[in-house]
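# Breakdown of the fold
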Amino acid sequence: MKVSYFPGCTLKTKAKQLDDYARSCAEVLGIKMEEIPNWQCCGGVFNTSSDEIATKLSAVRALSYAEKQGQPLISVCSACHNVLKQTNHAMQTDAVFASRVNHYITQPGQAAAQAYMGNTQVYHYLELLRDIIGFDRIRDAVKKPLTGKKIGAYYGCLMLRPSSTMKMDDAENPRIMEDFIRAIGAEPVIYAMRNECCGGYVTMEDPALSQKKSTAILRNAEANGADFLITACPLCKYNLDKNGNIPVVYFTELLARALGIVEA
Amino acid sequence: MQRIGVFVCWCGSNIAATVDVQRVADAVRSEPGVVFSVDYQYMCSQAGQSMIVDAVKEHQLTGLVICSCSPRMHESTFRKTAQLAGINPYMVEIANIREQCSWVHKDIFIGTQKAITLAKAAIAKVNLNTPLTSGESKVTKRALVIGGGIAGIQSALDIADAGFPVDLVEKEATIGGKMAQLDKTFPTLDCAACILTPKMVDVAQHENIRIISHAQVEEVGGFVGNFHVKIRKKARFVDESICTGCGLCTEKCPQKKVPNAFNLNMDHHRAIYIPFAQAVPKVAIIDPDYCSMLKNGKCGVCAKVCSVGAIDYQQKDEIIEEDYGAIVTATGYNPISLEKYDEYAYSLSKDVITSLEFERLTNAAGPTQGHLIRPSDGKQPHTIVFVQCVGSRCAANAEKGKEYCSKICCMYTAKHAMLVRDKYPDTEVYVFYIDVRTPGKSFDEFYRRAVEEYGVHYIKGMVGKVIPEGNTLKVQASDLLMNKQLHIDADLVVLAAAIEPDRSARPLATMLTASMDTNDFFTEAHPKLRPVESPTAGIFLSGTCQGPKDIPETVSQASAAAAKVIGLLCKNTLKGNPCVAVSDEMMCNGCSSCANVCPYGAITYESKEFRMPDRTTRMRRVAKVNPAVCQGCGCCTVACPSGAMDLDGFKNQQIMAEVDAICK
């Protein structure tokens, strides 16, 4: 099966492992991730300002490309995923917004000369694993199960919320990452702070605040016995790495280890 | 041809101020069929009514049009007047020129024009009216009460005291319901068991009450006065008529690990058990999911120790069929599942409990003998946080929770807080609230005592997150009055979960064809004036199945429902509403459209032989309306694609005549 893939800026720079392992694991699991040509930065969380369409154009171009290919659109980064899904939801439900955006992207000289009709399905890579491939099949494909490892899933805030739009999992009691951890043979550690915010971009303006948020998360994970944490978000990893001692790794890296693509 | 009299009422100045009543009377005088018309100050008064009677005699009237207030107000009055004057009561039509005319218009010209139009429409209809007679049906003098909580108990006792036999059906092994699980009751703090269990004994001993426990209603047929009900009494594997309730079997049974539902699974009982010491009927029951005799045919200890031989492993479900004149629903409530509220860490920590679990923890007959200890480590909590409105008062389009206020949580939380401070004065108690709602007799005084005398910390604001860490529960909340974030290290968190109707209510409502609201609470016939009756005749509502209620309110409603049942059962026969649907068999093709829309289950089908033009006979399926069940709502007449269904008193032709008169 072929899917359209939107990597995002950070995955090309700081979070290269997240990107590499996502691709190689997908290949092993029978999914071909076709990177969208000429993709642009999704705009990060800044584009959630609701009165501006310009910041959403990049997401719409990606959605439109995937629509043309007739493929689902996959992203790995929590922030990109959030922007893509929210923009897709707005294009599907807000007719005024959709017509303004489509009017803009179909202007002569624009890269995507085709209007976006709202038919693309956006998946997070975890959703791809759960809904398209299936955790059962992953369990079967695992060559080196991570038996005995106690892993805390760290969701952060952007992956699940707003849950009415993201439709990924219960925002207060999620289980998709825990099921993933079980699928690769390890034991999930469930702790209350797993869906709290790490401080996000506030770290640039008020590092003390994001330090407070991040340490509270790490302390709670440690108190519940987690050996290390997994995340899908480069910014979360940055904040957690900076403020604590528990190792934080990308979930794709663990998947690659379990599938035997890389040595531990 | 009808001879119609038109009577235009002034209603003092209520109508006359905005409608020129004399002009109305003059304008309709030349309408077809009208032979007499007059206006008068108060048509409903004694003098007004005799004026109508006299006019009927003098002008040999066959139909009446009263231009007055809403038919809800005085239709029955004028129907009686008509009967007195010797005409069929259904030859009377009301033109509502008060609520729908004079009260809503300010301009006398417009008001008068509209009144004339409304009067003409009513005249057009009376021209087509035919005399109607009510049918009669017999009343079975026995009542069924579904649900054996305090609501059902009270209704059953009141009906039985009036001399009518009552069957009380309870799905659990004992009656008592939620109230039996409570510790103290607000606002007087008397113990729930002390006031409930004597009533349970009264039920058991009442000569007119039969308790059918561990049972459920399976099928309901018939109609008001004549319901036919099938009840499945599930096997309890103990002969109720022999068991003495000695409890020996419940001590000897080797299977000790059955979660105790009465204590909300906070401890265990044996596979054969009596739900609690004051259970009624006080008879043991075997849980077939845990009994090794029933599962693999090995054991039989209870049968060996039972001195009266009451154990019966072969017992089967029993079907009880009975006729009833009236049915009371008292199916009660349950706290909502807290699955979707993991911000409060209910599934993560044993020390986050619901208020109902708290009741069991403080109850002397509960799993801890009334010692308030943490379920996780058995230690006494020193800081307790109560969270109100968990799942109540949520936004209409929210993804989880109920839109309504659960009504009882403010008071029981105040009670819990007070009990804790009374028994363990060194405990810090915090209550987080959105609003404190205490509108009941002695309720606000009760809450104020919690704050002022017992020193409970009431904080306006909600808890955002509960984080279990080590032995503490880190509570993150906001104080809206101080406008700041709070962090409290608690030992125990108690969640006041919203309440919702019991899951058995929805299928029951379908069987009873009783209507429900979107939250699955039974709806009442009128929210203010008929609060204990379902719109479906013969079904009465008792307790929280109709909406959230505390005990005093539940008991009042239960007695009110009983009074309505007694009023019904006192009658030997019932007069039906003659304005019911009738099906024209020649036009009906048996398509089921009418039965699908009928809210009362009044329509059935039968196969009938019809003679064809070529002298052969053919069987055809045709609709048949049971006039005793039909409420005359008219849904079927609209749904019928072939126009076979019509409503007596509101025939399609009559409605069209009214419309024509208005559009002319």
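Residues numbered from 1 in each chain as written. Chains lettered and ligands numbered in written order. Predicted model: local features only at pLDDT ≥ 70, side-chain atom pairs only at ≥ 80, totals over all residues.

### A short note on the overall build of chain B
- Across its full length, chain B carries 19 helices and 34 strands.
- Principal-axis analysis of the C-alpha atoms places the extent of chain B at approximately 90 × 70 × 45 Å.
- A buried classification covers 46% of the 664 residues belonging to chain B.
- For chain B, contacts bridging at least 24 residues in sequence account for 70% of all contacts bridging at least 6. (Helix = DSSP H or I, 4+ residues; strand = E, 2+ residues; numbered from the N terminus. Buried ≥ 20, exposed ≤ 12 C-beta atoms within 10 Å, placed from the backbone. Contact = placed C-beta atoms within 7 Å.)

### A look at unusual backbone geometry
Residues and elements named next belong to chain A.
- Proline 162 follows arginine 161 through a cis peptide bond whose omega is -5°.
- Mapped onto the elements of the fold, proline 162 is located in the loop between β5 (150-153) and α7 (163-166).
- If you check the backbone angles, lysine 167 has positive phi at about 45° while not being a glycine.

### Focus: the pairing of strand β12 (residues 226-233) of chain B
Residue and element names in this part refer to chain B.
- Both strand β11 (residues 215-223) and β12 contribute to a ladder of 8 bridges, which runs antiparallel. Bridge pairing links valine 220 to valine 229 in β12.
- Hairpin connection from β11 to β12: 2 residues lie between these consecutive antiparallel strands, with glycine 225 at a positive phi of about 85°.
- Pairing between β12 and strand β17 (residues 318-324): 7 bridges, direction antiparallel. Bridge pairing links lysine 230 to glutamate 321 in β17. (Pairing = 2+ DSSP bridges.)

### Side note on the domain arrangement of chain B
- Annotation of chain B at the domain level lists domain 1 (4-126), domain 2 (143-234 + 317-332 + 502-569), domain 3 (248-305), domain 4 (334-500) and domain 5 (581-648).
- Look at where the C-alpha atoms of domain 1 of chain B and domain 4 of chain B centre, and you get two points 61 Å apart. (Domains from an automatic or database assignment.)

### As for the interface of chain A and chain B
- Each partner contributes to the interface: chain A provides 10 residues, whereas chain B provides 15 residues.
- Among the elements of the structure, α7 and α10 (207-223) of chain A are those that each provide at least two residues to the side of chain A that touches chain B.
- Residue composition of the side of chain A that touches chain B, by class: 4 nonpolar, 4 polar and 2 charged. (Nonpolar A, V, L, I, M, F, W, Y, C, P; charged D, E, K, R; others polar.)

### A short note on the domain arrangement of chain A
Residues and elements named next belong to chain A.
- Domain assignment breaks chain A into domain 1 (2-124) and domain 2 (140-258).
- Contributing elements (two or more residues each) for the side of domain 1 that touches domain 2: α1 (16-28) and α3 (78-93).
- Here the residues of the side of domain 1 that touches domain 2 are counted per class, giving 11 nonpolar, 9 polar and 2 charged.

### Remarks on the environment of threonine 147 of chain A
- For threonine 147 of chain A, the position within the fold is in the loop between α6 (135-141) and β5.
- Residues threonine 147 of chain A and alanine 258 of chain A, 111 residues apart in the sequence, show an inter-C-alpha distance of 9.8 Å.

### Structural notes on the sheet that holds strand β3 (residues 73-75) of chain A
Residue and element names in this part refer to chain A.
- Taken in spatial order, the 4 strands make up an open sheet running β2-β1-β3-β4, and their pairing is parallel. Two strands bound the open sheet, and with one partner strand each, they are β2 (32-35) and β4 (122-124). Averaged over all neighbouring strand pairs, the angle between strand axes comes to 40°, with direction disregarded.
- Sheet analysis places strand β1 (residues 2-5) next to β2, joined by 4 bridges and oriented parallel. In the strand pairing of β2, valine 3 is matched with methionine 33.
- In this fold helix α5 (residues 125-133) packs onto β3 and β4, with an angle of close to 100° to the strand it touches most, β4. (Axes fitted to C-alpha atoms, helices over the stretch in contact; angles between N-to-C directions.)

### A word on the nonpolar core
Residues and elements named next belong to chain B.
- Within the largest apolar cluster, 135 residues are counted, with the highest numbers of intra-cluster contacts made by Tyr344, Val493 and Leu495.
- In terms of residue count, the dominant contributor to this core is helix α13 (residues 409-423) (9 residues).
- Every residue in contact with valine 493, bar those within four places of it in the chain, is listed here: Tyr344, Asp351, Val352, Val385, Val387, Val466, Leu473 and Val475.
- With 83 residues, the next largest nonpolar core counts Leu182, Ala279, Ala562 and Leu569 among its residues. (Core = buried A, V, L, I, M, F, W, Y, C linked by C-beta atoms within 7 Å.)

### Digging into the confidence of the model for chain B
- Per-residue confidence for chain B gives a mean pLDDT of 95; residues scoring 70 or more make up 100%.
- Confidence metrics for the complex model read pTM 0.82 and ipTM 0.86. (pLDDT = per-residue confidence, 0-100.)

### Some thoughts on α13 of chain B
All names here are of chain B.
- Across its 15 residues, α13 extends 21 Å between first and last C-alpha, which sits within 8% of the 21 Å expected from 1.5 Å per residue.
- Among the 15 residues in α13, 12 count as buried, and that is most of the element.
- When α13 is considered as a whole, its buried residues turn out to be Cys409, Cys410, Met411, Tyr412, Thr413, Ala414, Lys415, His416, Ala417, Met418, Leu419 and Val420.
- Here the buried face of α13 lies against β8 (184-185), α12 (355-362), β21 (383-390), β22 (428-433), α14 (443-452) and β27 (492-497). (Expected span 1.5 Å × (residues − 1).)

### Some remarks on the sheet that holds β27 of chain B
All names here are of chain B.
- Here we have 5 strands laid out as an open sheet, ordered β20-β27-β21-β22-β23, and parallel in their pairing. Since the sheet does not close on itself, it has two edges, and those belong to β20 (352-354) and β23 (457-460), each with one partner. Strand-to-strand twist in this sheet, taken as the mean axis angle between neighbours without regard to direction, amounts to 20°.
- One ladder, built from 3 bridges, connects β20 with β27; its direction is parallel. Following the sheet pairing, threonine 354 is matched in β27 by leucine 495.
- Relative to the sheet, α13 contacts β21, β22 and β27, its axis offset from that of β21 by approximately 175°.

### Here's the deal with the pairing of strand β6 (residues 143-146) of chain B
All names here are of chain B.
- Going residue by residue along β6, you find Ala143 and Val145 tucked away on one face and Leu144 and Ile146 tucked away on the opposite face as well.
- Strand direction decides the pairing type here: β6 and strand β7 (residues 166-169), joined by 4 bridges, are parallel. When the bridges of β7 are listed, isoleucine 146 appears paired with valine 169.
- Relative to strand β18 (residues 326-329), β6 runs parallel, the two sharing 4 bridges. Within β18, the position partnered with leucine 144 by the bridge is isoleucine 327.

### Considering the packing of helix α2 (residues 57-69) of chain A against helix α4 (residues 95-105) of chain A
All names here are of chain A.
- Two elements in contact, α2 and α4, have axes separated by 11 Å at closest approach and are oriented at 80°. On the basis of the axis angle, α2 is roughly perpendicular to α4. Facing Leu57, Val60, Arg61 and Ser64 of α2, the residues of α4 in contact are Val101, Tyr104 and Ile105.
- Considered class by class, the residues forming the contact of α2 with α4 number 5 nonpolar, 1 polar and 1 charged. (Parallel < 35°, antiparallel > 145°, perpendicular 65-115°, else oblique.)

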